[in-house]
Amino acid sequence: MTTEGNDAREGDQPAPRLATRSPVLVLNQNYQPLNICDVRRAISLLGRGKAETLDVTETFVRSAYAAMPAPAVIRLVYMVRRPLHQRRLSRREIFVRDGYRCQYCGTQTRHLTLDHVIPRSRGGQQSWTNVVSACTECNHHKAGRTPSEARMKLMREPAPPRPNPYAFFHVGQMRDSWRPFLPWLEAERAEQAQLAGVAAGG
Ligand SMILES: [Zn+2]
């Protein structure tokens, strides 16, 4: 059983409604994070045999039959097949995909711009396959031309980044007791931190 500041505080409060609304991490049958529900929903899933408890909080909640520790992490006993969330196209996500590297000259810098490979004036789309990171020099040199017209070569064919399996997380939702169940999240964060270092360092 893991203890966490929030849970300890909640445990002191005689407020069962609060406890039933606490967030619970839901893992798929294969242990991949699936979504976040509240304790009420988690208890319903457990009661119907659709999930098992992997971790609990110190808070007790009353079910129809007895008081039980509020679940913190549950795992479904069946597999939910769901497409992963595609990352939303944004300036920052383009830079992250490209490793903060100009896709024409390869310079790694925080002074990046977005370049439309096929210029918008020629009908180029705002899409993962047509927007790349470019340093200001390269962007200026390319101007309103296609790469071949400007005799410039892309380092690689732009493509959508791999899906983000944690898109369902909102800032501040993360609970320390969930960390052992989210090993991929730590890797993702380490990568983001490294890129943020590049972005800040220039
Ligand atoms: Zn460049």
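As shown above, the structure is provided for reference.
Residues numbered from 1 in each chain as written. Predicted model: local features only at pLDDT ≥ 70, side-chain atom pairs only at ≥ 80, totals over all residues.

## Considering the environment of Ala143
Looking at the secondary structure, you find Ala143 in the loop between helix H5 (136–142) and helix H6 (183–201). Between the C-alpha atoms of Ala143 and His116, which are 27 residues apart in sequence, the distance is 9.7 Å. (Helix = DSSP H or I, 4+ residues; strand = E, 2+ residues; numbered from the N terminus.)

## Here's the deal with the pairing of strand S1 (residues 23–27)
Burial analysis of S1 places four of its five residues in the buried class, the great majority of the element. As defined by bridge partners, S1 adjoins strand S2 (residues 33–38) across five bridges and the pair is classed as antiparallel. When the sheet's bridge partners are listed, Pro23 is paired in S2 with Asp38. Once S1 ends, the chain turns through five residues before running back antiparallel as S2, passing Tyr31 with a positive phi of about 75°. When S1 meets strand S4 (residues 67–76), the two strands line up parallel, connected through three bridges. Counted as the bridge partner of Leu27 is Arg75 from S4. (Buried ≥ 20, exposed ≤ 12 C-beta atoms within 10 Å, placed from the backbone. Pairing = 2+ DSSP bridges.)

## Some thoughts on the sheet that holds S1
Strand order in the open sheet made by the four strands is S2-S1-S4-S3, with mixed pairing throughout. The open sheet has two edge strands, S2 and strand S3 (51–62), and neither has a second partner. Sheet twist, expressed as the average angle between the axes of neighbouring strands with direction ignored, equals 30°. (Axes fitted to C-alpha atoms, helices over the stretch in contact; angles between N-to-C directions.)

## Focus: the nonpolar core
Membership of the largest hydrophobic core comes to 18 residues, with the highest contact counts inside it found for Val24, Leu25, Val26, Val39, Ala42, Val73 and Ile74. Apart from the residues within four sequence positions on either side, Val24 is in contact with Ile36, Cys37, Asp38, Val39, Ala42, Pro71, Ala72, Val73 and Ile74. Core analysis: the second largest hydrophobic core is formed by twelve residues, Cys102, Leu112, Val132 and Ala134 among them. (Core = buried A, V, L, I, M, F, W, Y, C linked by C-beta atoms within 7 Å. Contact = placed C-beta atoms within 7 Å.)

## Section: helix H3 (residues 39–47)
Of the residues making up H3, those classed as buried are Val39, Ala42, Ile43 and Leu45. Mapping the buried residues of H3 onto a view down its axis gives an arc of 160°, with all of them on the same face. Phi for Gly49, located one or two positions after H3, is positive at around 75°. (Arc of directions from axis to C-beta.)

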